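# Coordinate inspection notes
Spelled out from the first residue to the last, the chains are:
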Amino acid sequence: MITIIEKRTEKDPLAHIGENAGVCWNSDITDVEKNIKRGKSCIQSGHLRTAEYPTVEMIIEGYSARCIRELYTHIIGVTRLQDSTRYINFEDFAYYNPGSTEEQKEQIAKTMGDISENYGKLLELGMKKEDCANILPLGMHTKIVWKINLRGLIHFMNMRLCNRALKEIRTLAGEIKTKLSAYSEEWKWICDNYFVPTCKSIGYCTEEKCCGLMPKGLDGLKEKIIEEYKQNNK
């Protein structure tokens, strides 16, 4: 599994936001520190339209087609290019094996081996790669170039860092967070404060089947606050 943050990704997203917001407010935009402070204020205040300006470009490799397909449900400020099954020979494809026992892993490996073998036989029979692709599995590894703005990425992280998210995409979200955190100090601040599951950002869980990390719903949050109040005022 490899995620590469491309050099086109700016290192100063907060300054970018603050400078643009400063234009709207007729503020001094020549002071970088003031721009950063203004950028943080915009995000903290929930003025996320300003977060549509900074974008991240990355290459994601080694995740399954099923996992990458989940990215397509995120439609805010997103564009992508993916491995073409029309032009690339996938006879010897790599794949994601989610088996938790040796027997499960072996069965998945056997199934994938059979698909790979039959893909090769279809090529030998003269079938075009774009038609052979119809038998390729969702578990096959794929490569994608993904571009997303900060507003969309915050939403992505809120949804996909949730304990109830698909395990593989939760791993991907964690990897992107780690790589961006190391990319610059401004990205680290964003990662530390806003790349969290929804429950951590609003204080309670919105899922019907709650994992228990945070109180379930507003009623659960109220009960927690009341209980903490009682404990602190014994």
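Whatever comes next refers back to the structure up there.
Summarised in this report is the structure supplied together with it. (Residues numbered from 1 in each chain as written. Predicted model: local features only at pLDDT ≥ 70, side-chain atom pairs only at ≥ 80, totals over all residues. Heavy atoms only, no water.)

### Structural notes on the overall build of the protein chain
When helices and strands are tallied, the protein chain shows 10 helices and 4 strands. Tracing the protein chain from N to C terminus, the helices and strands come up as β-α-α-β-α-β-α-α-β-α-α-α-α-α. Relative to the 2.2 N^0.38 estimate, which gives 17 Å for 234 residues, the radius of gyration of the protein chain is 22 Å and therefore markedly larger than a compact globule would have. Across its three principal axes, the protein chain shows a C-alpha extent of roughly 70 × 55 × 25 Å. Out of the 234 residues belonging to the protein chain, those deemed buried represent 38%. Counting only contacts in the protein chain whose residues sit at least 6 apart along the sequence, the fraction spanning at least 24 positions is 68%. Approximately 13900 Å² of the protein chain is accessible, and the part contributed by carbon and sulfur atoms is 50%. (Helix = DSSP H or I, 4+ residues; strand = E, 2+ residues; numbered from the N terminus. Rg over C-alpha atoms; globule rule 2.2 N^0.38 Å. Buried < 20%, exposed > 50% of the residue type's maximum accessible area, 1.4 Å probe, protein only. Contact = heavy atoms within 4.5 Å. Areas by Shrake-Rupley, 256 points an atom, 1.4 Å probe, with all protein chains shown as cover.)

### With respect to the nonpolar core
By size, the foremost hydrophobic cluster in this structure holds 38 residues, and its most contacted members are Ile60, Trp146 and Phe195. Among the elements of the structure, helix H1 (13-25), helix H2 (32-44), strand S2 (55-64), helix H3 (65-71), strand S4 (141-149), helix H6 (150-160), helix H7 (167-181) and helix H8 (185-194) are those that each provide at least two residues to this core. Ignoring sequence-local partners within four residues, the contact set of isoleucine 60 consists of Ile2, Thr3, Ile68, Leu71, Thr142, Lys143, Ile144, Trp146, Leu172 and Ile176. (Core = buried A, V, L, I, M, F, W, Y, C linked by side-chain atoms within 4.5 Å.)

### Notes on H6
Burial analysis of H6 places 8 of its 11 residues in the buried class, which makes it a mostly covered element. Burial in H6 covers these residues: Leu150, Gly152, Leu153, Ile154, Phe156, Met157, Asn158 and Arg160. The opening residue of H6, the one whose side-chain oxygen lies 3.1 Å from the backbone nitrogen of arginine 151, is asparagine 149. (Polar contact = N/O pair within 3.5 Å; in protein donor to acceptor, adjacent residues only side chain to side chain.)

### Some points on the packing of aromatic side chains
The tally for this structure, following the rule as stated, stands at 3 aromatic pairs. For the ring pair phenylalanine 93 and tyrosine 95, a centre distance of 6.4 Å and an interplane angle of 70° mean the geometry is edge-to-face. Tyrosine 95 gets classed as partly exposed once you look at its relative accessible area, which sits at 26%. Aromatic pair tryptophan 189 and tyrosine 194: ring centres 5.7 Å apart, planes at 50°, arrangement tilted. The class of tryptophan 189 is buried, set by a relative accessible area of 18%. Across from the ring centre of tyrosine 183, 3.8 Å away, lies the NZ or CZ of lysine 11, which sits over that ring. (Phe/Tyr/Trp six-rings, centres within 6.5 Å; stacked < 30°, edge-to-face > 60°. Lys NZ or Arg CZ within 6 Å of the ring centre and 35° of its normal.)

### Points about the state of the cysteines
All chains considered together, the criterion is met by 0 disulfides. Of all cysteine sulfurs, the one in cysteine 42 lies closest to cysteine 24, which takes part in no disulfide; the gap is 8.6 Å. Take cysteine 205: it sits in no disulfide, and the sulfur closest to it among the cysteines is that of cysteine 210, at 3.6 Å. (Disulfide = S-S within 2.5 Å.)

### Remarks on the environment of threonine 3
Position of threonine 3 relative to the elements: it lies in strand S1 (residues 2-5). Judged by relative accessible area, which is 2%, threonine 3 ranks as buried. Counting along the chain gives 169 residues from threonine 3 to leucine 172, while the straight-line C-alpha distance between them is 8.2 Å. Residues within four places of threonine 3 in sequence aside, it is in contact with Met58, Ile59, Ile60, Tyr63, Leu172, Glu175, Ile176 and Lys179.

### What to know about the environment of phenylalanine 90
When you line up the elements, phenylalanine 90 lands in the loop between strand S3 (78-82) and helix H4 (102-124). In the structure, phenylalanine 90 is positioned 22 residues away from isoleucine 68 in sequence and 17 Å away in space, judged by C-alpha atoms. Apart from the residues within four sequence positions on either side, phenylalanine 90 is in contact with Asp83, Ser84, Thr85, Tyr119, Leu136 and Met140.

### Comments concerning unusual backbone geometry
Glycine aside, residues mostly have negative phi angles, and peptide bonds mostly take the trans form. Its identity as a non-glycine residue notwithstanding, asparagine 26 has a phi of 60°, on the positive side. Tracing the backbone shows asparagine 26 in the loop between H1 and H2. Residue asparagine 26 is classed as exposed on the basis of its relative accessible area, which comes to 72%.

### What about the pattern of salt bridges?
Using the criterion set out here, one finds 10 salt bridges in the structure. As a salt-bridge pair, glutamate 6 and arginine 8 come within 2.9 Å of each other at their nearest N and O atoms. Judged by relative accessible area, which is 55%, arginine 8 ranks as exposed. Across the pair arginine 160 and glutamate 70 runs a salt bridge whose closest N-O atoms are separated by 3.3 Å. Note that arginine 160 is positioned in helix H6 and glutamate 70 in helix H3, a separation of 90 residues in sequence. Residue classification places glutamate 70 among the partly exposed residues on the basis of a relative accessible area of 24%. (Salt bridge = Lys/Arg side-chain N within 4 Å of Asp/Glu carboxyl O.)

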